[in-house]
Amino acid sequence: MGLRQEGMSAPTLNAIITPANKAQVEAFCCELFGTSSIPNTSTEMKELRNVLVASLLRFYDDVLRVDRSCLVIQKMRAAAIRTGVNVMELKSWGQLVKDAFVTANAQNFSNCGGTESEQLSAALTVLQKSSVQTSENIHAMSSQLTQVQAKQVETNELSRLWYRQMR
């Protein structure tokens, strides 16, 4: 019988939207496509716009590594700045979108040939690789957070010393 194949699903913004940032993500999308030649990107074409934004975010880090001055990267960064999104967050949003996309489409990435057991094994391999990458990303972000916290402590101490000297 084999596994049911439904085809690829498009990337979505679901992985990055939270109750706390929903309005900001919407503002970012509107800003990014506000001057687009695609009509009605805030109304009838909103779903298409969101898929396009998710796709751009999915490849943000890849494009950034190749060409930091790429027009798409510049426009995404400008839209982020104008809507109060930390530019560094674009990279993490992109990774979240990419991880969700890979997870949703794991079966399709596994070539889907062979027996049902072979298909499941291939899909699990894709998910395992994605899980390992996500774990590595979390570890790297944790290390960066530790460094930021250490710098914050150092900055606070310097501020206290400066304040004491100024009195």
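Just so you know, the residues in each chain are numbered from 1, in the order the chain's sequence is written. Local features in a predicted model are, by the rule used here, given only for residues with pLDDT of at least 70; side-chain atom pairs are given and counted only at 80 or more, and totals for whole chains, interfaces and linings are based on all residues. Heavy atoms throughout the structure, all of them, feed into the side-chain values; hydrogens and water do not.

1. Quick word on the packing of aromatic side chains
Aromatic ring pairs: the centre-centre distance and the angle between the two ring planes describe each pair. Quick reminder of the rule: Pairing of aromatic rings covers Phe, Tyr and Trp, the last counted by its six-membered ring, and requires centre-to-centre distances within 6.5 Å; plane angles under 30 degrees mean stacked, over 60 mean edge-to-face, and any other angle means tilted. Under the DSSP-based scheme used, a helix requires at least four consecutive residues in state H or I and a strand at least two consecutive residues in state E, with every element numbered from the N terminus. Accessible area is worked out with a 1.4 Å probe on protein chains only. A residue is then buried under 20% of its type maximum, exposed over 50%, and partly exposed in between.
Counting across every chain of the model gives one aromatic pair. Residues Phe28 and Trp93 carry aromatic rings whose centres are separated by 5.9 Å and whose planes lie at 75° to one another, so their mutual orientation is edge-to-face. With a gap of 65 residues between them, Phe28 in helix α1 (residues 22–33) and Trp93 in helix α5 (residues 87–104) connect regions that are remote in the sequence. Relative accessible area serves as the criterion here: at 1%, Phe28 is assigned to the buried category.

2. Some thoughts on the environment of Thr12
Under the convention used in this document: Pairs of residues are marked as contacts when any of their non-hydrogen atoms sit within 4.5 Å. A 3.5 Å cut-off defines polar contacts: any pair of N or O atoms within that distance qualifies, except that in protein one atom must be a possible hydrogen donor and the other a possible acceptor, and neighbouring residues in sequence count only when both atoms are side-chain atoms.
Residue placement: Thr12 occurs in the segment before α1. Classification of Thr12 as partly exposed rests on a relative accessible area of 34%. Once the C-alpha coordinates of Thr12 and Glu47 are considered, the two residues, 35 residues apart in sequence, prove to be 9.2 Å apart. In this structure Thr12 touches Ala54 and Val97, once residues within four positions along its chain are discounted. Here the side chain of Thr12 touches Asn14 through a polar contact of 3.3 Å, landing on its backbone nitrogen.

3. With respect to helix α2 (residues 46–58)
We count it as follows: Here a helix's expected span is defined as the number of its residues, less one, multiplied by 1.5 Å.
Along its 13 residues, α2 runs 18 Å from first to last C-alpha, staying within 8% of the 18 Å computed at 1.5 Å per residue. Regarding α2, the residues found buried are Arg49, Val53, Ala54, Leu57 and Arg58. Against α1, α3 (60–66), α4 (71–82) and α5 lie the buried residues of α2.

4. Here's the deal with the pattern of salt bridges
Any two side chains of opposite charge can pair, so long as their charged atoms come close to each other. Defined as follows: Each reported salt bridge corresponds to a side-chain nitrogen of Lys or Arg within 4 Å of a carboxyl oxygen of Asp or Glu.
Applying the stated criterion across every chain yields a total of eight salt bridges. Glu26 serves as the salt-bridge partner of Lys46, at 3.6 Å between the closest nitrogen and oxygen. Of this pair, Lys46 sits in helix α2 while Glu26 sits in helix α1, and the two are 20 residues apart along the sequence. Note on Lys46: relative accessible area 32%, which makes it partly exposed. The exposure class of Glu26 is partly exposed, given its relative accessible area of 24%. Notably, a salt bridge pairs Asp61 with Arg65, separated by 2.9 Å at the nearest N-O pair. Here Arg65 and Asp61 lie together in helix α3, a separation of four residues that amounts to about one turn.

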